[in-house]
Amino acid sequence: MSAELLIESDGGARAEDGVGHKSAALDNATMMARIADLYFRPGMSIADPMRGSDVFWKHIDRSLYDLRLTDIKDGVDARMLPYADQSFHAVVLDPPYRYVEAATSSAGLRMLEGNGYNLESVRGKGHDAVMGLYRDVMREGERILMRGGYMVVKCQDTITDGKQQWVHSDLMDFARSIGCEPIDLAVVTPAQVPPTRWKIQRSLRKSHSYFIVCRKGGRWPFGYKSVSAR
Ligand SMILES: C[S@@+](CC[C@H](N)C(=O)[O-])C[C@H]1O[C@@H](n2cnc3c(N)ncnc32)[C@H](O)[C@@H]1O
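My aim in this report is to walk through the structure given alongside it, one point at a time. Throughout this document, residue positions are counted from 1 along each chain, in the order its sequence is written. Predicted model: local features are reported for residues with pLDDT of at least 70 only, side-chain atom pairs are reported and counted for 80 or more only, and whole-chain, interface and lining totals are derived from all residues.

Time to look at the overall build of the protein chain. Assigned secondary structure in the protein chain consists of 4 helices and 9 strands. The numbering of helices and of strands both runs from the N terminus, where a helix is a DSSP run of H or I of at least 4 residues and a strand a run of E of at least 2. The helix and strand sequence of the protein chain, counted from the amino end, reads β-α-β-β-β-α-α-β-β-β-α-β-β. Exposed residues have 12 or fewer other C-beta atoms within 10 Å of their own C-beta, buried residues have 20 or more, and partly exposed residues fall in between, where C-beta atoms are placed from the backbone. Within the span of the protein chain, comprising 230 residues, buried residues form 32% of the whole. A residue pair is marked as a contact if its C-beta atoms, positioned from the backbone, fall within 7 Å. Long-range pairs, those at least 24 residues apart, make up 70% of the contacts in the protein chain with a sequence separation of at least 6.

Structure, rendered in structure tokens:
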């Protein structure tokens, strides 16, 4: 385990019996460090084309990997990456998954923007636009991924027009449809809940989000061998 992994928001990377990283953490940086420790190996080429403010890499020794960190703010669109087919061992995808409705309070907007979200590509366009962006970047991620490579997708379930949208489940189905088998699922459970327009509560208010880990081609021996020696 890397020294950085000892910086944990919830008192320890490993489960109480000492075996394995826990699947729930209080923040993204902690969970991403666990995923990297478990699935990435030194020398792997990794693309994070929605790097935002690099929160995901906060507890990770970046010198271990051949990292390509870009963002639309740098002029690189994650839907059309300037990389060859099958050229990466892993790809990390974190689109802006909270679309903004006109009625959302400006305080809520400021909180999201302040947290590193660039909401322009989904602002005011609704859940379908968010899901369309996910599908586009996952297709592109699959294109640049080697067989046996890892796709890490960050997402959050949402409610639209009173209907619960199980985004993590929909994205797992979509990943399978493009040949990337979900092999792990982690939950981030921050203490704060996001802003809401609700006046009456009709379902549990959710603050948790997910990391889905997929393997292109599925798990060996049913799919491809991992790109990294285990
Ligand atoms: C949720 S933030 C990512 C946060 C990041 N994981 C971090 O650790 O700070 C979403 C990012 O996606 C970027 N983005 C939105 N649309 C994009 C696109 N089409 N291509 C590349 N980046 C995009 C935004 O600029 C924003 O920085």
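In terms of nonpolar packing, the biggest core is built from 48 residues, with Met-151 and Val-152 touching the most fellow members. Counting residues per element, the ones that place at least two in this core are helix H1 (28–39), strand S2 (45–48), strand S4 (88–93), helix H3 (126–144), strand S5 (145–155), helix H4 (167–177), strand S8 (180–188) and strand S9 (209–216). Leaving out residues up to four positions away in the same chain, Met-151 has contacts with Val-91, Leu-93, Met-138, Gly-141, Glu-142, Leu-145, Ala-175, Cys-180, Cys-214 and Lys-216. As used here, a nonpolar core is made of buried Ala, Val, Leu, Ile, Met, Phe, Trp, Tyr and Cys residues. They are joined through C-beta atoms within 7 Å.

When S2 meets strand S3 (residues 66–69), the two strands line up parallel, connected through 4 bridges. For Ser-45, the partnering residue across the bridge sits in S3 and is Asp-66. One ladder, built from 2 bridges, connects S2 with S4; its direction is parallel. Looking at S4, one finds that Ile-46 is bridged to Ala-90. Paired strands, as defined in this entry, are two strands with at least two bridges between them according to DSSP.

What follows is about the packing of H3 against H4. Following both chains from N to C, one finds H3 and H4 inclined at 30°, their axes separated by 11 Å at the closest point. As summarised for this structure, H3 and H4 are arranged roughly parallel, according to the angle between their axes. H4 is crossed by H3, and the crossing has right-handed handedness. Of the residues in H4, those in contact with Met-131, Tyr-134, Arg-135 and Met-138 of H3 are Asp-170, Leu-171, Phe-174 and Ala-175. Axis definition: a line fitted to C-alpha atoms, limited for helices to the stretch in contact. Angles are taken between N-to-C directions and run from 0 to 180 degrees. Orientation is classified from the angle alone, with under 35 degrees giving roughly parallel, over 145 giving roughly antiparallel, 65 to 115 giving roughly perpendicular, and any other angle giving oblique. Left-handed is the label given to a crossing in which the near helix is rotated counterclockwise from the far helix by less than a right angle, and right-handed is the label when the rotation is clockwise.

What follows covers the environment of Val-152. Position of Val-152 among the secondary structure elements: in strand S5. Among the residues examined, Val-152 registers 25 C-beta atoms within 10 Å and is labelled buried.

Another aspect to go through is H1. A helix's residues, less one, multiplied by 1.5 Å, set its expected span. Its 12 residues place the ends of H1 16 Å apart at the C-alpha level, agreeing with the 16 Å of an ideal helix rising 1.5 Å per residue. Regarding H1, the residues found buried are Asn-28, Ala-29, Thr-30, Met-31, Met-32, Ala-33, Arg-34, Ile-35, Ala-36 and Tyr-39.

With that out of the way, let us pick up the environment of Glu-181. The residue Glu-181 is located in strand S8 in this model. Given 18 C-beta atoms within a 10 Å radius, Glu-181 is considered partly exposed. On a C-alpha basis, the gap between Glu-181 and Gly-218 in space is 4.7 Å, while along the polypeptide they are 37 residues apart.

Once that is clear, we can look at unusual backbone geometry. Positive phi outside glycine occurs at Asp-54, with the angle close to 60°. Counting through the fold element by element, Asp-54 comes out in the loop between S2 and S3. When the 15 C-beta atoms within 10 Å are taken as the criterion, Asp-54 is described as partly exposed. Unusually for a residue other than glycine, Gln-86 sits at a positive phi of about 50°. Here Gln-86 is to be found in the loop between S3 and S4. Gln-86 gets classed as partly exposed once you count the C-beta atoms within 10 Å, which come to 13.

What follows concerns the sheet that holds strand S1 (residues 24–25). Read across the sheet, 7 strands follow the order S1-S8-S9-S5-S4-S2-S3 without closing on themselves; strand pairing throughout is mixed. The sheet terminates laterally at S1 and S3, the two strands that pair on one side only. Together, S5, S8 and S9 form the strand contacts of H4, whose direction differs from that of S9 by roughly 10°.

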